[in-house]
Amino acid sequence: MKKTFSHFALAAAAVTALSMPLAGGAFAATNHQTMTLAANDNVEKAEETVSDTWITGKVKSSFLADDHIKGTDIKVETNKGVVSLSGTVATDAQRELAVEKAKNIKGVKAVSADGLKSAE
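The structure displayed is predicted, hence computed values, not measured ones.

## Some remarks on the pairing of strand 1 (residues 74-79)
What you see with strand 1 is a clean split: Ile74, Val76 and Thr78 sit on the buried side and Lys75, Glu77 and Asn79 on the side with no burial. Note that strand 1 and strand 2 (residues 82-89) share six bridges and pair antiparallel. If you follow Lys75 over to strand 2, its bridge partner there is Ser86. Counting the residues that bridge the hairpin from strand 1 to strand 2 gives two residues, and of these Lys80 lies at a positive phi of roughly 55 degrees.

## What to know about the pattern of salt bridges
Throughout the structure, instances matching the rule amount to three salt bridges. One salt bridge connects Lys75 with Glu77, and the closest N-O pair in it is separated by 3.2 Å. Salt-bridge contacts for Arg95 lead to Glu96; the nearest nitrogen and oxygen are separated by 3.4 Å. Exposure remark for Glu96: the relative accessible area of 48% places this residue in the partly exposed category.

Analysis parameters
Residues numbered from 1 in each chain as written. Predicted model: local features only at pLDDT ≥ 70, side-chain atom pairs only at ≥ 80, totals over all residues. Heavy atoms only, no water. Buried < 20%, exposed > 50% of the residue type's maximum accessible area, 1.4 Å probe, protein only. Helix = DSSP H or I, 4+ residues; strand = E, 2+ residues; numbered from the N terminus. Pairing = 2+ DSSP bridges. Salt bridge = Lys/Arg side-chain N within 4 Å of Asp/Glu carboxyl O.

Structure representation (structure tokens):
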């Protein structure tokens, strides 16, 4: 009986030892895939942040370059390509012009001007 148990123990140890590299490879592949997915998510978030920041800057600069809009009175925020305008402008025409200028910026998906009021 002792001999059979020791043969079984030796066989089990051998199988375990031989299967470890395969398990490590599977773990490494899974770990690599997880790290790759995490890295892709981070890159997408960084690109989105850069794009949103770029859009915000372009919208603000287009307002400041226009003599018909007082760009310093308009707050601009961008989230995932959606531009939100808030503040107060002198007329309804200025409000509409600001919305139209924001819509014409590359990368803008939509414009929300609920927070942009006219003094009229």
